[in-house]
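Next come the chains, spelled out residue by residue.
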Protein chains: 2
Amino acid sequence: MNTSLFTSATTRDGVVERDFVVGEVPGVLWSPVDASPGTPLVLMGHGGGLHKRSRGLVARAREAVLRDGFVVAAIDAPGHGDRPRSAQDQHWVDTMLAERAAGRSMAATIADYNRSLVERAVPEWRAALDALQELPEIGSGMPIGYSGMTLASAIGIPLVVAESRITAAVFGGVFVYDDITIAARRVTIPIEFLLPLDDPEIDRQSGLDLFDEFASEDKTLHAFPGSHFTVPVERVDTRFFARQLRPGGPATTTH
Amino acid sequence: MNTSLFTSATTRDGVVERDFVVGEVPGVLWSPVDASPGTPLVLMGHGGGLHKRSRGLVARAREAVLRDGFVVAAIDAPGHGDRPRSAQDQHWVDTMLAERAAGRSMAATIADYNRSLVERAVPEWRAALDALQELPEIGSGMPIGYSGMTLASAIGIPLVVAESRITAAVFGGVFVYDDITIAARRVTIPIEFLLPLDDPEIDRQSGLDLFDEFASEDKTLHAFPGSHFTVPVERVDTRFFARQLRPGGPATTTH
């Protein structure tokens with residue numbers, strides 16, 4: 001039991017929100033006031049350039065706690081949020097911004113940068129999961145899901161391949177390079193995949209092709225007009241985690 | 001008020017099921033035991049070769065009644081179910097079956113047959129709606145949705161263009177010919193579109209292209225492996241009609 005994991009705790013509108021640090025990695029845990037061992041846990045990754053308390057992520061986390069009674073954890077990716085950014089990471093970011101400004105392809109830079117982030121972030125998520133499972137109200141027996149688009153999918157797809165504790169995932173809007181495709185072929189857990197149909201920087205066809213590559217028998221594609229900045233979460237909500245992580249569980253209410 | 005609409009009534013497992021006839025067209029109305037005026041109505045179309053009491057349709061109708069408290073209506077398409085099939089319709093069906101057996105394209109035959117069915121079915125749905133709205137427990141003020149794949153989309157897409165009483169629709173798995181594309185460009189109500197990704201007879205790209213053509217600002221594509229015979233309704237259920245037809249309404253329970 002590791003109660004020193006947490007550095008702060010507040011309760012706001014029925015959700016307990018606690019900051020934690022595992023190694024160098026800061027995270028947030030959102031829980032129901034009455035969470036008990038066995039409560040499903042959803043790991044939520046943030047998008048590129050964002051952080052563990054990005055507006056959309058917090059809204060989805062609170063919804064998962066209040067509606068489904070889940071526990072939700074988020075951590076900052078390397079060089080994101082409260083974490084220092086290395087000179088090399090800053091160089092990649094500067095290069096991407098310059099390429100975007102000049103109308104040049106960012107593909108090679110995104111692939112290099114994301115490969116490096118994935119290499120660091122996958123072990124960080126696994127260490128965070130180890131630490132969280134030592135908490136008495138979580139324990140080691142609960143179902144675990146992973147959810148995250150863009151950078152969080154670039155990290156999440158190899159994460160769910162490496163981490164057998166995760167049994168269901170939502171991905172989408174991800175820039176596809178070889179490693180992602182190769183990892184997707186090894187994903188067999190149920191997934192949902194969100195595809196923005198008109199993203200200026202992520203080709204529609206690459207998303208359709210990646211969806212085809214997932215080895216999961218249970219997989220569904222949810223596509224919508226617009227870019228990955230405008231994911232209509234309320235429109236594509238299929239109660240995926242409620243079905244996957246709490247099969248036959250207590251009925252939950254919808255809005 | 002037209003109480004003579006119904007030819008039979010039974011109550012089974014909490015759902016009132018009544019047969020009706022409007023003109024020459026037989027239909028079924030499923031309702032909650034306690035339906036009141038203003039209850040949302042969902043029109044459910046059946047697929048090609050099927051009928052108003054097809055297994056999947058009945059299951060979805062009962063679910064909509066029991067879970068959402070909706071009223072659901074289905075009618076037999078021309079030459080389907082309890083309705084006689086004309087010599088011309090039978091000729092089209094025979095031709096399609098022969099083409100399928102010979103491995104030839106059914107495209108031209110499907111287009112001709114569906115065009116003729118649509119021409120007849122659209123006014124039939126509108127007449128059924130007129131008759132149903134005379135029922136005291138339905139009335140004229142309720143929100144109305146339409147749901148149906150394959151043939152029911154070929155009929156439903158022009159139906160929702162012609163029929164402004166329908167304010168939300170689910171389509172999908174439809175064989176696309178010119179009239180369908182032209183009608184889709186005039187559809188502006190919120191829609192969901194179900195796309196089987198590996199249908200042997202309905203090209204994936206034609207579905208993606210059709211989805212792009214819908215003029216609806218609020219539209220979402222739900223795609224899944226397999227053919228239109230294996231729609232994983234439980235996997236793509238997004239509570240679409242509950243959100244569209246009963247906004248801000250009472251919370252409903254999920255399974």
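Residues numbered from 1 in each chain as written. Chains lettered and ligands numbered in written order. Predicted model: local features only at pLDDT ≥ 70, side-chain atom pairs only at ≥ 80, totals over all residues. Heavy atoms only, no water.

Chain A carries the name Alpha/beta hydrolase in an unreviewed UniProt entry, which gives Flexivirga oryzae as its organism.

1. Quick look at the packing of aromatic side chains
Note on aromatic pairs: each is described by the distance of the centres and the angle between the planes. For the record, the criterion: The aromatic pairing rule takes the rings of Phe, Tyr and Trp, using the six-membered ring of Trp, and pairs them if the centres are within 6.5 Å, calling planes under 30 degrees apart stacked, those over 60 edge-to-face and the rest tilted. Numbered from the N terminus, helices here are DSSP runs of H or I no shorter than four residues, and strands are runs of E no shorter than two. Residue exposure (1.4 Å probe, protein chains only): buried if accessible area is under 20% of the type maximum, exposed if over 50%, otherwise partly exposed. To sit over a ring, a charge needs its Lys NZ or Arg CZ within 6 Å of the ring centre and within 35 degrees of the ring normal.
For the coordinates displayed, the defined rule picks out 18 aromatic pairs over all chains. With a centroid separation of 6.2 Å and 45 degrees between ring planes, the pair formed by Tyr146(A) and Phe171(A) is classed as tilted. A residue pair is termed long-range when its members are at least 10 positions apart, and Tyr146(A) in strand β6 (residues 144-147) and Phe171(A) in strand β7 (residues 166-172) qualify at 25 residues. With centroids separated by 5.8 Å and ring planes inclined at 80 degrees, the aromatic side chains of Trp125(B) and Tyr146(B) adopt a geometry described as edge-to-face. Placement of the pair is Trp125(B) in helix α3 (residues 107-133) and Tyr146(B) in strand β6 (residues 144-147), with a sequence separation of 21 residues. The class for Trp125(B) is buried, based on a relative accessible area of 5%. In textbook terms, an aromatic cluster arises when at least three aromatic residues are bridged by ring pairs, as seen for Trp125(A), Tyr146(A), Phe171(A), Phe193(A), Phe211(A) and Phe214(A). A cation sits over an aromatic face here: Lys219(A) above Phe211(A), 5.0 Å from the ring centre.

2. Observations regarding the interface of chain B and chain A
Quick reminder of the rule: The criterion used for residue contact is that any of the two residues' heavy atoms lie within 4.5 Å. Computed with a 1.4 Å rolling probe, the buried area is the accessible surface lost when two parts are put together, summed over both parts. Here a salt bridge means any side-chain nitrogen of Lys or Arg lying within 4 Å of a carboxyl oxygen belonging to Asp or Glu. We call two N or O atoms a polar contact when they sit within 3.5 Å, provided that within protein one can donate a hydrogen and the other can accept it, with sequence-adjacent residues counted only if both atoms are side-chain atoms. Any residue outside Ala, Val, Leu, Ile, Met, Phe, Trp, Tyr, Cys, Pro, Asp, Glu, Lys and Arg is labelled polar, Gly included; the first ten of those are nonpolar and the last four are charged.
The partner chain A presents 26 residues to the 26 residues of chain B that form the contact. With both chains or domains summed, chain B and chain A bury close to 2100 Å², and 50% of this area falls on carbon and sulfur atoms. Applying the counting criterion to the chain B and chain A interface returns two salt bridges. Between Asp212(A) and Arg204(B) there is a salt bridge whose closest N-O contact spans 2.9 Å. Run the count over chain B and chain A and you get five residue pairs in polar contact (both at pLDDT 80 or more). Listing elements by their share of the side of chain B that touches chain A, those giving two or more residues are α6 (204-213), β9 (219-224) and α7 (233-236) of chain B. Sorting elements by how many residues they give to the side of chain B that touches chain A places β9(B) first, with six residues. For the side of chain B that touches chain A, the per-class residue count stands at nine nonpolar, six polar and 11 charged.

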